[in-house]
Amino acid sequence: MKIRVKIERRETPISTPHIDIFEVDVDETANVISVLMEIRKNPVTVDGRKVSPVAFECSCLEEVCGACTMNINNRARQACSALVKELGKEISLAPLRKFPIIRDLVVDRRKIFEGLRRIKGWIPIDGTHGMGPGPKVSEKVQRIGYKLSRCMSCGVCMESCPQVNDRSNFIGPAVIAQALLFNLHPTGAMIKEDRYEALMEEGGIGECGNAQNCVKSCPKQLPLTYSIGKLNRDTLIYSIKKLLES
Amino acid sequence: MNKNCDIIVVGGGLAGLMATIVACENNLKVKLFTLLPAKRSHSVCAQGGINASLNIKGEGDSPDKHFYETIYGGDFLANQPPVKDMCYNAPEIVYLLDRMGVMFNRTPEGFLDFRRFGGTKYHRTAFAGATTGQQILYALDEQVRRYEYHGLVEKYTGWEFLRAVIDEEGYARGIVAGNINSLDIEVFPADAVIMATGGCGMIFGKSTNSAICTGSPNAILFEQGAKYANGEFIQVHPTAIAGNDKLRLISESVRGEGGRIWTYKDGKPWYFLEEKYPAYGNLVPRDIASREIFHVCVDLGLGIDGKNQVYLDVTHLDEDFLEYKLGGVLEIYEKFMGENPKKVPMRVFPAVHYTMGGLWVDYNQMTNIKGLFAAGECEYQYHGANRLGANSLLSCIHGGMVAGKKVFEYAKSLTKCSDDVPSKVYEQHKQTVVAKFEQYKKMEGKENPYKLHQELGETMTENVTVVRHNKKLLQTLDKLKEFRERFKNIDVLDRSGNANYSLFFVNQLRGMIELAMVITKGALLRDESRGSHYKPEFPKRDDERFLKTTIATYQ
């Protein structure tokens, strides 16, 4: 099956973008990653120009690592699980727009990890020495926690969120959902006030405009709007209590 | 030693992160080098779970039984004292992960739940849905983020290991690394180095491994004098989806619930496993299933549509039953193949899955180079000739823990620290790498590195996986020598000074060809069948001649 792939490319972060069009012959099981792999085996455009292989990130190729996220036919998703036969014979690829560009389809998503650091996204354990089992967790909490813990920091929710833009420093839905995950855990809850404080800072939960794009776009179906709603209430209660106690 | 020691950890999977955490607990400062953010490491792919004999279901399981099964499964090549330590440490490891907040499945009373896995009678495997590796990786990543917040960890994300700095007395004193985006090549001094760079499935082109599992750091260290042990032992899983970009695992549970393997012979369905092994049918042990499927496709040429694939068929089973029992697995198939496996039989083929061999290490996880440690899939000592299911996550974490502790003891015992090493030593090592990369940048030959890699993978998969014949192994060695020659005529494809991934790939490819030599030569010399290594010419285990570790050194 012959397909045409239009790729938005930049050699450096400040280069003016241009489009390279490739024609690739792939079989019916191909995904976008294998299309990119074919191109690097013969990086020649339809007009016969030999160009450099398209830069892209990928690792697990089974939609659990989040590395290969890009805009495919104008929708942010993982390239590994984007199948050619569902996309049609014309495919357009572009980098994520809400993150600094490195080259071609590669962007710098470091701000997601900085967000996780800001909200103290960890369980404060005493140490790794043997101390027996952890606190009991009910099956009900585990079920919510498990859903939240599948976030692969891919950036799709931020890409789809109108509040994540050049004029705001919104921490994004993914990081807020992780704050809820750690607050759910009995030990994690011991520093939940720190997380509330972080979420109440500029760029925190108050920036959410309730567009609800995040929950629709998340490839792992995380309960993102539920998490934001829950933490909205929690931070409100926390700030009222704090006011009363001061 | 008086000053605070600095160590380097290379690799952000389970082993590297665990080593980092333990080193930090001992007040060592850690520079953590990873190709991608740690959350994207290959540990994320592990699905099934992690073994720990907690005897939670009152079945009489014990660490001793776990120990015995691990040794037996590895056909007696694993190092027994460290394996015993690992099995005894396993319950505390699972408790630790539980304390770190891993969302393990729970019993209705709120205790950890355990499931059964291949090769054991006991419910020994703790699990978090079907994404245990992902959950554990994230938990460790979070703990490392905490140490980063407290200033003990400095992350170097997007830096690739390119060389160890070894001083005149033979001590590891740091590394040379390259930034894959800026292309800067820098030298980083340290008092000790822990390697945790995973397996090398990419040598086989397509495998169940992630695209980053090239084994390149191991190849580099091998050339620098590190011993490489048991290279020939590569685990092949019988059922994976044949993709264009990678081979995705389809769990054994599909056959456990009634899935049947077949292909066409003389125009009619041929259930070859059921026919040849009436007692076990489709549930023959992994190595046998892999061998039979390989035989049908490669030797008999009876693969579906003439390709290397057979059917794994569940279409005869009730749809509700399938949804309830196998929903998650079938969903992966549907997502990646775009076909509904409840209606159309799945197409599967054996796939390279795990690297049992790796850097030789002593019981302290130290390689033969002083101050250079290794943990996780990149070293060799816990799995012998074949790995037991759900032991990989365990060995990564246990090995990382041991490395983290031992690196502290080692650093404390040093009389000379990295600052005392003459700067020219560092400069020389850096220049060696810089020169190598300058040479790559000039390569304008006719060979496309990605095509050459594909050929390497095809050659290795055809000749050095499930069934091994000495004649073919010899031919493969010749072929690898030919690849070495053709490598000299490579085109680096990209002249850019920014995010030039082809340039780094050329370097990885070179390493893959060298490690392919080690794997193939090890397979050639081992005239017996043991664990994952099977030679029809020598179908039995030969303890008299081969109850020993293969050790490769570079000359």
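Just so it is clear, the structure is predicted and the values come from calculations on it, not from any experiment.

Basis of the calculations
- Residues numbered from 1 in each chain as written.
- Chains lettered and ligands numbered in written order.
- Predicted model: local features only at pLDDT ≥ 70, side-chain atom pairs only at ≥ 80, totals over all residues.
- Heavy atoms only, no water.
- Helix = DSSP H or I, 4+ residues; strand = E, 2+ residues; numbered from the N terminus.
- Buried < 20%, exposed > 50% of the residue type's maximum accessible area, 1.4 Å probe, protein only.
- Contact = heavy atoms within 4.5 Å.
- Areas by Shrake-Rupley, 256 points an atom, 1.4 Å probe, with all protein chains shown as cover.
- Lys, Arg positive; Asp, Glu negative; His and termini not counted.
- Charge placed at Lys NZ, Arg CZ, Asp CG, Glu CD.
- Pairing = 2+ DSSP bridges.
- Buried area = accessible area lost by both parts, 1.4 Å probe.
- Salt bridge = Lys/Arg side-chain N within 4 Å of Asp/Glu carboxyl O.
- Polar contact = N/O pair within 3.5 Å; in protein donor to acceptor, adjacent residues only side chain to side chain.
- Arc of directions from axis to C-beta.
- Phe/Tyr/Trp six-rings, centres within 6.5 Å; stacked < 30°, edge-to-face > 60°.
- Lys NZ or Arg CZ within 6 Å of the ring centre and 35° of its normal.
- Axes fitted to C-alpha atoms, helices over the stretch in contact; angles between N-to-C directions.
- Left-handed = near helix turned anticlockwise from the far one by under 90°.
- Nonpolar A, V, L, I, M, F, W, Y, C, P; charged D, E, K, R; others polar.
- Core = buried A, V, L, I, M, F, W, Y, C linked by side-chain atoms within 4.5 Å.
- Parallel < 35°, antiparallel > 145°, perpendicular 65-115°, else oblique.
- Patch = residues over 30% accessible without salt bridge, like charges linked within 9 Å, V, L, I, M, F, W, Y side chains within 5 Å.

A.B. asks: With reference to specific residues and values, describe the overall build of chain A.
C.D. replies: The helix and strand inventory of chain A stands at 9 helices and 7 strands. Viewed in the frame of its principal axes, chain A has a C-alpha envelope of about 70 × 40 × 30 Å. Each of the 246 residues in chain A was classed as buried or not, and the buried ones make up 57%. For chain A, contacts bridging at least 24 residues in sequence account for 64% of all contacts bridging at least 6. Roughly 10600 Å² of accessible area belongs to chain A as shown, and the carbon and sulfur atoms make up 51% of that amount. Across chain A, the 36 positively charged side chains and the 29 negatively charged ones have centroids separated by 3 Å.

A.B. asks: Give a detailed account of the sheet that holds strand S5 (residues 123-126) of chain B, specifying residues and quantitative values.
C.D. replies: All names here are of chain B. Strands sit in the order S3-S5-S4 across an open sheet of 3 strands; the sheet is antiparallel. Bordering the open sheet on either side are strand S3 (50-51) and strand S4 (114-116), each of which pairs with just one other strand. Where S3 and S5 come together, 2 bridges link them in antiparallel fashion. Counted as the bridge partner of Asn51 is Thr125 from S5.

A.B. asks: Account for the interface of chain B and chain A, naming residues and giving values.
C.D. replies: On the side of chain A, 74 residues touch chain B, which itself brings 70 residues to the contact. Taken together, both faces of the contact between chain B and chain A bury some 6100 Å²; the carbon and sulfur share is 53%. Interface area lost by chain B to chain A is led by B:Arg40, B:Arg99 and B:Met103, which between them contribute 15%. The interface formed by chain B and chain A holds 6 salt bridges in total. Across the pair A:Lys50 and B:Asp491 runs a salt bridge whose closest N-O atoms are separated by 2.9 Å. Our count for the chain B to chain A interface comes out at 38 residue pairs in polar contact (both at pLDDT 80 or more). Considering every element that reaches the side of chain B that touches chain A, the biggest residue donor is helix H4 (residues 132-149) of chain B, with 9 residues.

A.B. asks: Help me get a handle on helix H7 (residues 192-200) of chain A, residues and values and all.
C.D. replies: Among all positions in H7(A), only A:Arg195, A:Tyr196, A:Ala198 and A:Leu199 are buried. Along the axis of H7(A), the buried positions cluster into a sector of 165°, meaning they face one direction only.

A.B. asks: Please provide a residue-by-residue account of the packing of aromatic side chains, values included.
C.D. replies: Residue and element names in this part refer to chain B. Here the structure, examined in full by the defined rule, presents 22 aromatic pairs over all chains. Aromatic pair Tyr156 and Phe188: ring centres 5.0 Å apart, planes at 65°, arrangement edge-to-face. Here Tyr156, found in strand S6 (residues 153-157), pairs with Phe188, found in strand S9 (residues 185-189); they are 32 residues apart in sequence, far enough to count as distant. Here Tyr156 matches Phe188 in class, with each residue buried. Through a chain of ring-to-ring contacts, the aromatic side chains of Phe33, Tyr156, Trp159 and Phe188 assemble into a single cluster. Over the ring of Tyr271 we find Arg260, and its NZ or CZ is 3.7 Å from the ring centre. Across the ring face of Trp270, the terminal group of Lys265 is positioned such that the distance to the ring centre comes to 4.1 Å.

A.B. asks: Describe the environment of B:Ile513, with residues and values.
C.D. replies: Among the secondary structure elements, B:Ile513 is positioned in helix H14 (residues 501-525). When sequence neighbours within four positions are dropped, the list of residues in contact with B:Ile513 reads B:Leu456, B:Leu480, B:Phe483, B:Arg484 and B:Phe487.

A.B. asks: Help me get a handle on the side chain of A:Arg103, residues and values and all.
C.D. replies: Relative to the helices and strands, A:Arg103 resides in strand S6 (residues 101-103). By relative accessible area, which is 1% here, A:Arg103 ends up buried. Separated by 2.9 Å, the side chain of A:Arg103 and the backbone oxygen of B:Asn498 make a polar contact. Filtering out sequence-adjacent residues up to four positions away, A:Arg103 remains in contact with A:Arg10, A:Glu11, A:Ser52, A:Ala55, B:Asp494, B:Ser496, B:Asn498, B:Ala499 and B:Asn500.

A.B. asks: Give a detailed account of the packing of helix H6 (residues 173-184) of chain A against helix H9 (residues 224-245) of chain A, specifying residues and quantitative values.
C.D. replies: All names here are of chain A. Their axes nearest at 9 Å, the elements H6 and H9 cross at an angle of 65°. Crossing handedness for the pair H6 and H9: left-handed. Between H6, through Pro173, Ala174, Ile176, Ala177, Ala179, Leu180 and Asn183, and H9, the contact on the second element is made entirely by Leu224, Tyr226, Ser227, Ile228, Lys230 and Leu231. Here the residues of the contact of H6 with H9 are counted per class, giving 10 nonpolar, 2 polar and 1 charged.

A.B. asks: Lay out the nonpolar core in plain terms, naming residues and giving numbers.
C.D. replies: Residues and elements named next belong to chain B. Ile7, Ile50, Leu97, Phe104, Ile136, Leu140 and Ile397 are the most contacted members of the largest nonpolar core, which has 113 residues in total. Ignoring anything within four residues of it in the chain, the contact list for Leu140 reads Leu14, Leu17, Met18, Ile21, Leu97, Met100 and Ile397. Judged by nonpolar contacts, the second largest core, of 110 residues, contains Leu330, Phe437, Leu473 and Met517.

A.B. asks: Could you give me a rundown of the pairing of strand S14 (residues 260-265) of chain B, with the residues and numbers involved?
C.D. replies: The two faces of the sheet receive side chains in turn, since in a regular strand these alternate between them. Residues and elements named next belong to chain B. Pairing between S14 and strand S16 (residues 310-313): 3 bridges, direction antiparallel. Paired with Ile261 across the two strands is Leu312, which belongs to S16. Where S14 hands over to strand S15 (residues 268-270), the hairpin turn is made up of 2 residues, of which Asp266 adopts a positive phi near 50°.

A.B. asks: Account for the packing of helix H12 (residues 449-463) of chain B against H14(B), with residues named and values stated.
C.D. replies: Two measures define how a pair of helices packs: the angle their axes make with one another and the distance between the axes. All names here are of chain B. Look at H12 against H14: their axes get within 10 Å of each other, and the N-to-C directions meet at 20°. Our classification of the angle between H12 and H14 gives roughly parallel. In terms of crossing hand, the pair formed by H12 and H14 is left-handed. Contact residues: Pro449, Tyr450, Leu452, His453, Leu456 and Met460 in H12; Tyr501, Ser502, Phe505, Val506, Leu509, Met512, Ile513, Ala516, Ile519 and Thr520 in H14. For the contact of H12 with H14, the class distribution of residues is 13 nonpolar, 3 polar and no charged.

A.B. asks: Run through the sheet that holds S9(B), naming residues and quoting values.
C.D. replies: Residue and element names in this part refer to chain B. The sheet built from 3 strands is open, its strands ordered S7-S8-S9 with antiparallel pairing. The sheet is open, and its two edges are formed by strand S7 (159-166) and S9, each paired on a single side. With direction set aside, neighbouring strand axes in the sheet form an average angle of 25°. In terms of strand pairing, S7 meets strand S8 (residues 172-179) through 7 bridges, oriented antiparallel. Looking at the pairing, Glu160 lines up with Gly178 of S8. Set on the sheet, helix H11 (residues 423-441) makes contact with S7, S8 and S9; between it and S7 the angle comes to about 135°.

A.B. asks: Provide a residue-level description of the environment of A:Met131, including the pertinent values.
C.D. replies: Here A:Met131 lies in the loop between helix H3 (110-118) and helix H4 (139-148). A:Met131 sits in the partly exposed class, given a relative accessible area of 42%. Every residue in contact with A:Met131, bar those within four places of it in the chain, is listed here: A:Asp126, B:Glu92 and B:Arg99.

A.B. asks: Let's hear about unusual backbone geometry: which residues, and what values?
C.D. replies: Residues and elements named next belong to chain A. A positive phi angle is found at Asn210, which is not glycine, with a value near 60°. With respect to the secondary-structure elements, Asn210 resides in the loop between H7 and helix H8 (213-217). Taking relative accessible area as the criterion, Asn210 reaches 52% and is therefore assigned exposed.

A.B. asks: Go over a nonpolar patch on the surface with me, naming the residues and quoting the values.
C.D. replies: Residues and elements named next belong to chain A. Together, Leu236, Ile240 and Leu244 make up an exposed nonpolar region whose accessible area comes to about 320 Å². Of note, Leu236 is situated in helix H9. In this structure Leu236 comes out as exposed when scored by relative accessible area, which is 51%.

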